[in-house]
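Summary of the model geometry
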Amino acid sequence: MSEPGTLRMRLDRLFREVAKFGVVGGLGVLVNLAVFNLVRHTTELPVVRASLIATVVAIAFNYVGFRYFTYRDRDKSGRTKELTLFLLFSMVGLVIENGVLYAATYGFGWDGPLASNFFKFFGIGVATLFRFWSYRTWVFRALPAKETVQTAESFLEQPPRQATRRQPDHV
């Protein structure tokens, strides 16, 4: 396949992946913010604790969405390793997301409902960049490209070459 055609296919696949990630992630953001505001306004928990609960609920929601929608065509062997890596990178994202909210709330004193939602949302955005990179790179690993597998299989099916002896030019 030509270079421009290959590049176009790769960009198209990346665009579809980003779009699917965005759908699941967008719904995860809604879950995260809804749970955050529900916990914040129905309990006496501090802002960051309410946010931690909401983030954990969103992480569970997102795993199901990513595994069965965004990355359903990816390697499914090693689910224990996949889930472990997902949780590890999700916890790093949790620290990023809630670190932003913590800094705004306790570092700058911005604790009103509007400020809390803004910095919660901003923290989600920053953490999402990290999550997208880590999930696609380490958690939901791509299977080998179909063309690569077919090429390798056809190479293996070829009969072995016979060694030929070169005859001297002057006999």
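Structure: above.
Below: a short report on this structure. (Residues numbered from 1 in each chain as written. Predicted model: local features only at pLDDT ≥ 70, side-chain atom pairs only at ≥ 80, totals over all residues. Heavy atoms only, no water.)

A few words on the side chain of S51. Tracing the sequence through the fold places S51 in helix α2 (residues 47–70). Discounting chain neighbours no more than four positions away, the residues touching S51 are F36, E97, N98, L101 and K120. (Helix = DSSP H or I, 4+ residues; strand = E, 2+ residues; numbered from the N terminus. Contact = heavy atoms within 4.5 Å.)

Formed by 14 residues in total, the largest nonpolar core has its most connected members in F21, F66, Y71, F86, Y135, V139 and F140. For this core, the secondary-structure elements that each account for two or more residues are α1 (3–42), α2, α3 (79–107) and α4 (113–139). Per-element accounting of this core gives the leading share, four residues, to α3. Beyond its immediate chain neighbours, meaning those up to four positions away, F21 contacts F66, T70, Y71, T128, R131, F132 and Y135. Listed in part, the ten residues of the second largest apolar core include V48, A54, A104 and F119. (Core = buried A, V, L, I, M, F, W, Y, C linked by side-chain atoms within 4.5 Å. Buried < 20%, exposed > 50% of the residue type's maximum accessible area, 1.4 Å probe, protein only.)

As a further point, take the side chain of T70. Among the structural elements, T70 can be located in helix α2. Residue class for T70 comes out buried when judged on its relative accessible area of 5%. Residues contacting T70, with those up to four places away along its chain left out, are E17, K20, F21, V24 and G65.

Here we take up the packing of aromatic side chains. Tallied over the entire structure, the rule returns 18 aromatic pairs. On the basis of an interplanar angle of 50 degrees and a centroid distance of 6.4 Å, the ring pair of F21 and Y135 is categorised as tilted. Here the residue F21 occupies a position in helix α1, and Y135 occupies one in helix α4, the gap between them amounting to 114 residues. Taking the centre distance of 4.7 Å and the plane angle of 15 degrees together, the rings of F108 and W110 count as stacked. A residue is classified by how much of its surface remains accessible, and F108, at 58% relative accessible area, is exposed. Assessed through its relative accessible area of 42%, W110 is described here as partly exposed. Seen from the ring of F69, K20 lies directly overhead, with NZ or CZ sitting 5.7 Å from the centre. A cation over a ring is seen here: K120 above F36, with NZ or CZ 5.6 Å from the ring centre. (Phe/Tyr/Trp six-rings, centres within 6.5 Å; stacked < 30°, edge-to-face > 60°. Lys NZ or Arg CZ within 6 Å of the ring centre and 35° of its normal.)

To describe two helices that pack against each other, one gives the angle between their axes and the distance between the axes. Two elements in contact, α3 and α4, have axes whose closest approach is 8 Å; the angle formed by their N-to-C orientations is 155 degrees. The orientation of α3 with respect to α4, classified from their angle, is roughly antiparallel. Handedness of the crossing formed by α3 with α4: right-handed. (Axes fitted to C-alpha atoms, helices over the stretch in contact; angles between N-to-C directions. Parallel < 35°, antiparallel > 145°, perpendicular 65-115°, else oblique. Left-handed = near helix turned anticlockwise from the far one by under 90°.)

All right, on to α3 then. Counted at 1.5 Å a residue, the expected span for α3 with its 29 residues is 42 Å, and the 40 Å between its end C-alpha atoms agrees. Buried residues along α3 sit against α1, α2 and α4. After α3 finishes, the residue G109 shows a positive phi value of roughly 75 degrees. (Expected span 1.5 Å × (residues − 1).)

Taken together, the side chains of V23, L27, L30, F61 and F69 make up a nonpolar region of the molecular surface, amounting to roughly 430 Å² of accessible area. If you list the elements that add at least two residues to the nonpolar patch, you get α1 and α2. If you tally residues by element for the nonpolar patch, the top one is α1, at three residues. By the secondary structure assignment, L30 is in helix α1. L30 gets classed as exposed once you look at its relative accessible area, which sits at 55%. (Patch = residues over 30% accessible without salt bridge, like charges linked within 9 Å, V, L, I, M, F, W, Y side chains within 5 Å. Areas by Shrake-Rupley, 256 points an atom, 1.4 Å probe, with all protein chains shown as cover. Salt bridge = Lys/Arg side-chain N within 4 Å of Asp/Glu carboxyl O.)

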